[in-house]
Amino acid sequence: MNLKTLRLKMVIALFVGCVAADGLSAQELTGQSAAALVRTNASSLGLSKNDLGNMRISSAYIDKTSGASLVYVQQTYKGADVFNAIQTYAFKNGKMISATGQPLQIADMANSKTGKAAITPANAVSTAAANLRLAVGGSLAAAKQINGLQQFDFGKLAFSSVNVKSKLIWLTDETTNQALLSWQVEIQPKGSADYWLVNVDALKGNVISKINLNVVCDWTHPNNNGQIGTHINTTDYSAVATTDADALIAGSAKYRVVPFPAESPNHPGGAPVVKTNPWTLAGAGNNAATLNWNSDGTTNFDSSRGNNVIAQEDHNGNNGFGQGALSSTPVPNLTFTAAPNFGTAPTTPVNLRFALTNLFYWNNIMHDVSYQYGFDEVSGNFQANNLGRGGAGNDYVFADGQDGSGTNNANFSTPSDGGNPRMQMFLFDAVPNFTVNKPTAFAGKKTAVESAFSTANKIVDKGPITGPVVLYNNDASGTTHDGCVTAFNASALVGKIALVDRGTCSFTVKALNAQNAGAKGVIVADNVPGEYPIIMGGTDNTITVPSVMISFETGDSMKQYLAAHTVVTTTMKKGVQLDGDDDAGVMCHEYTHGISNRLTGGPNNVSCLQNKEQMGEGWSDYMALMTTTNWKTATVNDGPNKRPIGTYVLGQGTDGPGIRVYPYSSDLSVNPWTYDSLKLSSKFSNSLQTYDPHIVGEVWCNMLWTMTWNIIQAKGINKNIYNAAGNKGNDIALRLMVEGLKLQKCSPGFVDGRNGILKADTVLFGGQYSAIIWQTFASRGLGYNANEGSNNNIKDGTADYSLPPGLFAETSQVQDATAKTATGIITIAPNPASTNVTLTVSGNKKALSVALVNASGQQIKTFSMNGERLDMSLPKLASGMYYVRISGEGFTETRKLVIQ
């Protein structure tokens with residue numbers, strides 16, 4: 001038998017095995033059968049013999065959600081992996097149904113013809129450690145080679161909390177079109193959540209770059225200022241071992257928590273209550289909750305530990321074992337019912353117990369919800385015991401509550417499948433309390449935001465400040481109160497709290513004038529009705545009197561009382577710190593970083609979301625929105641409503657702006673972000689100093705959020721988000737999001753993410769929702785001809801607002817009449833324009849509303865349209881970017897308009 005015939009027979013045998021595997025359980029898709037699928041479909045995948053000879057299977061599993069065999073292929077060259085060169089393939093019935101990513105022409109790029117390193121893996125470890133300012137402390141022990149790869153395991157060594165590994169890779173650089181032979185050293189410094197991949201030149205020995213797998217979010221202004229309180233103890237959790245299998249899943253548990261789906265204690269339904277056996281939300285017999293929550297199948301825990309998460313305090317920030325919330329009753333019936341007092345410090349024993357219980361509860365909620373949508377054992381979820389269902393296991397979440405390594409933030413680090421992720425939740429700075437004392441009819445706590453223009457006037461240092469309020473008068477008429485000139489009524493302001501109107505001059509001028517008049521505090525009343533008070537900026541550290549801004553409505557009420565000669569007194573005093581462990585939005589956001597990192601590129605490669613145009617922050621915000629929406633009370637028309645995120649930890653009311661630039665909304669006038677924004681807005685930057693993945697994520701999240709509500713318009717609302725097969729708009733959208741993560745390419749940009757969702761629709765639903773998906777993305781600039789350019793450059797993309805040729809919004813695949821529109825191809829001409837444009841909507845027979853909107857989302861002019869053509873006379877406009885929003889029954893479309 002010749003070699004060619006032998007190879008052919010081997011391929012046939014492997015192919016038969018993989019076809020059989022299509023009908024088997026998920027864990028039975030082996031690397032061998034996955035490789036056979038790729039080889040059998042090589043022609044349709046566009047793979048040459050050389051490509052097939054330079055690849056290995058990174059991950060492979062049968063996706064329970066779609067029934068497809070998912071195979072993640074790692075490109076190699078000279079026996080070493082090409083970093084992040086992952087091809088993602090999906091197969092059904094032995095045939096390719098989806099393919100993303102293409103092998104690189106690495107031979108033309110490689111800086112070494114032999115692929116042999118001049119630097120040893122041990123030397124690379126020493127170099128990487130030195131770069132991270134870690135002391136190796138002696139010679140390195142002999143390393144163990146891993147699975148025949150050019151990867152070596154040195155153990156934990158003295159400076160790492162995980163095994164230090166050194167792996168030979170090719171590191172590509174798109175700017176130079178080179179592939180550098182490198183040692184990639186994996187280190188997590190002890191006591192740190194940072195999880196580093198340090199790339200050391202394998203020929204020269206210098207550090208080329210480094211990647212942090214710990215996703216550090218920005219929930220406010222980071223302020224890492226060291227320890228908080230004291231470490232309660234360093235003992236491990238109390239546990240009760242048993243060999244009785246039935247006992248390990250028996251019993252019950254009560255948890256006092258912010259109940260799902262409330263976002264925080266401030267949100268409707270968010271007051272802490274006792275929930276009994278909340279794992280039952282997943283439904284009887286659901287695989288997500290086989291072991292309930294406080295067992296790992298071997299041990300029953302009487303603390304905030306189980307199969308999915310260990311929730312513990314880490315006040316000293318050393319990533320060790322801290323105290324968990326302990327049950328007040330013994331196994332098997334557990335009780336975690338500490339009642340918090342949010343008016344006292346979060347570090348008090350009772351508040352800490354509540355926080356850790358809540359942290360444990362919401363991590364488990366996220367585990368169980370995401371499990372329904374396909375984040376299970378084989379796809380890389382977080383469990384100690386995978387119960388024989390595939391995946392690596394032993395990778396439950398370390399959830400550190402009230403972590404002392406920082407403040408005002410949260411983060412999540414995600415190693416590959418089998419490595420423990422870590423969620424770090426921090427305390428947030430206290431938000432000052434502003435209270436009206438008199439008159440009684442108006443008394444109570446009011447929304448106020450402290451100034452940021454001076455370091456010498458902070459309420460925490462100066463307060464409490466209590467006194468009568470006096471309206472600042474500019475002149476004798478008493479009609480102007482903006483504080484932009486010396487106070488006319490200075491004698492009346494001495495020792496009082498000055499009430500000043502916003503407007504005309506800077507905040508620092510107002511505050512300094514009031515201070516010079518003798519006021520001991522300043523209240524600035526907003527001049528925009530309905531606006532949440534803003535943080536007053538500027539810089540003047542000679543200002544020593546505390547200053548806050550209040551809403552227009554609060555200020556107007558004060559003025560009316562003062563005009564009626566009614567005494568108004570207020571108090572400004574420091575508040576208590578806020579705890580991220582009490583904000584479900586923060587926890588759900590952080591957990592989702594683990595989901596997106598494990599699903600994109602397969603569970604054994606978690607470095608696929610390192611490029612600038614990746615949308616990790618967007619997926620995290622989206623999952624937080626989906627999980628904290630009360631779908632039982634939501635209506636199909638709620639999409640335009642404002643949905644901020646992060647209001648609780650910022651000390652805002654639920655109507656506050658939250659942490660993002662705009663609240664999330666399907667309404668362009670509320671959230672104007674489009675794909676154009678990345679290129680055109682100064683808020684987006686490629687600079688290492690100013691690049692912000694969160695604002696990139698905002699644009700993506702709002703596209704997903706809008707898509708969700710557009711599908712809801714067609715399919716209605718599933719009141720139980722745990723029911724992933726409910727066939728309603730919200731569960732359909734969430735399935736598309738999760739499946740899109742699995743199918744998209746490694747290092748995705750916006751177009752790749754859109755294509756992943758479209759492919760998910762094909763795989764899951766036969767393309768049933770493609771029209772709605774296209775309409776949504778096109779309305780936000782990610783239409784048919786959109787081009788993302790380099791996925792590592794957020795300024796080179798080209799937005800487009802068109803639909804694919806021949807795609808009409810009215811489609812027989814959408815059965816619900818509420819989703820049907822009369823719109824066909826939409827054109828605007830001329831474009832660019834100056835004074836007149838013609839809007840054409842082919843085939844339209846319905847009444848449409850048309851709005852001209854500027855780049856900030858403000859509506860400038862409206863028109864009514866009946867029929868296919870509308871001639872629009874434009875008002876005088878400055879040159880720039882504008883949008884035309886076309887609305888009808890159950891739909892909204894947006895098109896770009898450039899004014900010359």
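These numbers come from a predicted model, not from an experiment. (Residues numbered from 1 in each chain as written. Predicted model: local features only at pLDDT ≥ 70, side-chain atom pairs only at ≥ 80, totals over all residues. Heavy atoms only, no water.)

1. Quick notes on the overall build of the chain
- Across its full length, the chain holds 17 helices and 37 strands.
- The C-alpha atoms of the chain give 29 Å as radius of gyration, which agrees with the globular expectation for 900 residues (29 Å, within 12%).
- Taking as baseline every contact in the chain between residues at least 6 positions apart, the subset at least 24 positions apart corresponds to 65%.
- For the chain, the exposed area adds up to about 34,000 Å²; of that, 51% sits on carbon and sulfur atoms.
- Distance from the positive charge centre (66 side chains) to the negative charge centre (66 side chains) of the chain: 3 Å. (Helix = DSSP H or I, 4+ residues; strand = E, 2+ residues; numbered from the N terminus. Rg over C-alpha atoms; globule rule 2.2 N^0.38 Å. Contact = heavy atoms within 4.5 Å. Areas by Shrake-Rupley, 256 points an atom, 1.4 Å probe, with all protein chains shown as cover. Lys, Arg positive; Asp, Glu negative; His and termini not counted. Charge placed at Lys NZ, Arg CZ, Asp CG, Glu CD.)

2. Focus on the pattern of salt bridges
- Counting across every chain of the model gives 14 salt bridges.
- The partner of Lys167 in a salt bridge is Asp81, and the shortest N-O contact between them spans 2.8 Å. One end of the pair, Lys167, is in strand 7 (residues 165-173); the other, Asp81, is in strand 3 (residues 80-92), with 86 residues separating them in the sequence. Each of the two residues, Lys167 as well as Asp81, counts as buried.
- As a salt-bridge pair, Arg869 and Asp871 come within 3.3 Å of each other at their nearest N and O atoms.
- Connected via shared salt-bridge partners are Arg56, Asp81 and Lys167. (Salt bridge = Lys/Arg side-chain N within 4 Å of Asp/Glu carboxyl O. Buried < 20%, exposed > 50% of the residue type's maximum accessible area, 1.4 Å probe, protein only.)

3. So, the side chain of Arg643
- Position of Arg643 among the secondary structure elements: in the loop between helix 12 (616-627) and helix 13 (675-680).
- The exposure class of Arg643 is buried, given its relative accessible area of 17%.
- When sequence neighbours within four positions are dropped, the list of residues in contact with Arg643 reads Glu263, Leu625, Thr628, Thr629, Pro663, Tyr664 and Trp705.

4. Examining the nonpolar core
- Counting 121 residues, the largest nonpolar core has Trp700 and Phe750 as the members making the most contacts within it.
- Residues within four places of Phe750 in sequence aside, it is in contact with Glu613, Met615, Tyr675, Leu678, Val696, Val699, Trp700, Met703, Leu782 and Glu788.
- Membership of the second largest hydrophobic core comes to 30 residues, among which are Ala85, Ile119, Val198 and Ala202. (Core = buried A, V, L, I, M, F, W, Y, C linked by side-chain atoms within 4.5 Å.)

5. Considering the environment of Ala563
- Residue position: Ala563 is located in helix 10 (residues 552-563).
- As for Ala563 and Glu889, which are separated by 326 residues in sequence, their C-alpha atoms are 48 Å apart.

6. Focus on the sheet that holds strand 32 (residues 836-841)
- Read from one edge to the other, the open sheet built from three strands follows the order 31-32-35, with strand pairing classed as antiparallel. The strands lining the two open edges of the sheet, one partner per strand, are strand 31 (826-829) and strand 35 (869-873). On average, adjacent strands in this sheet sit at an angle of 15 degrees to one another, irrespective of strand direction.
- Here strand 31 runs beside strand 32; their pairing, made up of four bridges, is antiparallel. Residue pairing in the sheet places Thr827 in a bridge with Thr840 of strand 32. (Pairing = 2+ DSSP bridges. Axes fitted to C-alpha atoms, helices over the stretch in contact; angles between N-to-C directions.)

7. Some thoughts on the packing of aromatic side chains
- In total, this model carries 32 aromatic pairs according to the counting rule given.
- On the basis of an interplanar angle of 70 degrees and a centroid distance of 5.5 Å, the ring pair of Phe382 and Tyr591 is categorised as edge-to-face. With a gap of 209 residues between them, Phe382 in the loop between helix 6 (349-372) and strand 18 (397-401) and Tyr591 in helix 11 (residues 584-599) connect regions that are remote in the sequence. Like Tyr591, Phe382 is buried.
- One cation-aromatic arrangement involves Lys612 over Tyr691; the distance from NZ or CZ to the ring centre is 5.9 Å. (Phe/Tyr/Trp six-rings, centres within 6.5 Å; stacked < 30°, edge-to-face > 60°. Lys NZ or Arg CZ within 6 Å of the ring centre and 35° of its normal.)

8. Considering helix 5 (residues 121-131)
- The set of residues buried in helix 5 consists of Pro121, Ala124, Val125, Ala128 and Ala129. Down the axis of helix 5, the buried set is contained in an arc of 135 degrees. They therefore lie on one face.
- Considering only its buried residues, helix 5 is in contact with strand 6 (151-153), strand 7, strand 8 (178-187) and strand 9 (196-201).
- Backbone geometry just after helix 5 places Arg133 at a positive phi near 60 degrees. (Arc of directions from axis to C-beta.)

9. What to know about the packing of helix 14 (residues 693-715) against helix 16 (residues 750-765)
- Here helix 14 crosses helix 16 at 25 degrees, and the two axes come no closer than 12 Å. On the basis of their axis angle, the class for helix 14 and helix 16 is roughly parallel. As helix 14 runs across helix 16, the sense of the crossing is right-handed. Between helix 14 and helix 16, the contacting residues are Val696, Val699, Trp700, Met703, Leu704 and Met707 on the first element and Phe750, Gly753, Arg754 and Ile757 on the second.
- Here the residues of the contact of helix 14 with helix 16 are counted per class, giving eight nonpolar, one polar and one charged. (Parallel < 35°, antiparallel > 145°, perpendicular 65-115°, else oblique. Left-handed = near helix turned anticlockwise from the far one by under 90°. Nonpolar A, V, L, I, M, F, W, Y, C, P; charged D, E, K, R; others polar.)

10. Details of the confidence of the model for the chain
- Residues at a pLDDT of 70 or more form 91% of the chain, whose mean pLDDT is 89.
- Considering only residues more than four positions removed or in separate chains, one finds that residues 221-245, a stretch of pLDDT under 50, has 66 contacts.
- This stretch, residues 815-823, has a pLDDT under 50; its non-local contacts, to residues over four places away or in other chains, come to 29 contacts. (pLDDT = per-residue confidence, 0-100.)

11. So, the state of the cysteines
- In this structure the tally under the stated criterion is two disulfides.
- Cys608 shares a disulfide with Cys746; S-S distance 2.0 Å. A torsion of -100 degrees about the S-S bond marks the disulfide between Cys608 and Cys746 as left-handed. Here the residue Cys608 occupies a position in the loop between helix 11 and helix 12, and Cys746 occupies one in the loop between helix 15 (729-743) and helix 16, the gap between them amounting to 138 residues. Across the pair, Cys746 and Cys608 agree in class, each one buried.
- Sequence-ordered numbering of the bonded cysteines in the chain gives a pairing of 1-2, 3-4. (Disulfide = S-S within 2.5 Å.)

12. Notes on the pairing of strand 32
- Counted along the chain from strand 31 to the antiparallel partner strand 32, the turn is six residues long.
- As judged from the five bridges shared by strand 32 and strand 35, these two strands associate in the antiparallel manner. In the sheet register, Asn836 faces strand 35, and the bridge partner there is Ser873.

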